[in-house]
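Notes for the structure review
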Amino acid sequence: MTLYQSTFENFNKNYIGSATMAVIGQSCLGAAAAMYILSHGTSIGQMIQLGIIVLACILANTSILAQMKHKVVFNFILTSVVLSILFIILNNFIV
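Keep in mind the model is a prediction, meaning the values are calculated, not measured. (Residues numbered from 1 in each chain as written. Predicted model: local features only at pLDDT ≥ 70, side-chain atom pairs only at ≥ 80, totals over all residues. Heavy atoms only, no water.)

1. Focus: the overall build of the protein chain
This is how the line gets drawn: The helix count covers DSSP runs of H or I at least four residues long, the strand count covers runs of E at least two residues long, and both are numbered beginning at the N terminus. Residues count as neighbours in contact if any of their non-hydrogen atoms are within 4.5 Å of one another. Method for areas: the Shrake-Rupley scheme with a 1.4 Å probe, in which residue coverage is limited to the protein chains shown.
Helix and strand content of the protein chain: four helices and zero strands. Seen in sequence order, the protein chain has helices and strands lined up from the N terminus as α-α-α-α. Seen along its three principal axes, the alpha-carbon backbone of the protein chain occupies a region of about 40 × 30 × 15 Å. Sequence-distant contacts in the protein chain: of pairs separated by 6 or more residues, those separated by 24 or more amount to 71%. Accessible area of the protein chain: about 5,900 Å², with a carbon and sulfur share of 73%.

2. Quick look at the packing of aromatic side chains
Heads up, the condition is: A pair of aromatic rings is counted whenever rings of Phe, Tyr or Trp (Trp by its six-membered ring) have centres within 6.5 Å, and the orientation is called stacked for planes under 30 degrees apart, edge-to-face for over 60 and tilted otherwise. Buried means the residue's accessible area, taken with a 1.4 Å probe over protein chains only, is under 20% of the maximum for its type, while exposed means over 50%, and partly exposed covers the values in between. Charge over a ring is defined by NZ of Lys or CZ of Arg lying within 6 Å of the ring centre and within 35 degrees of the ring normal.
Enumeration according to the criterion identifies four aromatic pairs in this entry. Both rings, one in phenylalanine 11 and one in tyrosine 15, keep their centres 5.4 Å apart while their planes meet at 90°; by these two values the pair is edge-to-face. Judged by relative accessible area, which is 7%, phenylalanine 11 ranks as buried. By relative accessible area, tyrosine 15 is classed as buried at 14%. Ring-pair connections join several aromatic residues into one group, and the members of that group are Tyr4, Phe8, Phe11, Tyr15 and Phe74. The ring of phenylalanine 8 has lysine 71 lying over it, and the distance from NZ or CZ to the ring centre is 5.1 Å.

3. Quick notes on the environment of isoleucine 85
Looking at where isoleucine 85 falls in the secondary structure, it is placed in helix 4 (residues 70–93). Taking the C-alpha atoms as reference points, isoleucine 85 and glycine 45, separated by 40 residues in sequence, lie 17 Å from one another.

4. Re the nonpolar core
For clarity, the cut-off: Grouping buried Ala, Val, Leu, Ile, Met, Phe, Trp, Tyr and Cys residues that are joined through side-chain atoms within 4.5 Å yields what is termed a nonpolar core.
In this structure, Phe8, Phe11, Tyr15, Ala19, Ala22, Ala60, Ile64, Val73, Phe74 and Ile77 together form the largest nonpolar core, which totals 10 residues. Among all residues touching phenylalanine 8, those that are not within four sequence positions of it are His70, Lys71 and Phe74. Ala33, Leu50, Ile53 and Phe87 belong to the second largest nonpolar core, which has seven residues in total.

Pasting the structure below:
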């Protein structure tokens, strides 16, 4: 069984608790990514990055509130987390 499948099964089994923790976790991670993005100024490149991370976090939170299928919610949360980590790394180590 793959890591993705086993993680999704755990998420699906405890959906209410997992979704609640995911809202908190990915929102905080998205806020940290926005902070790192804006720490390098407000050029067009930073605004595009900020728009991408805000959209990813909004989609994840909205999918939970709209009670979409659990797999869709899980994929939006994963996408949001991966993009947040990517933008934190890009803006923290690349000046």
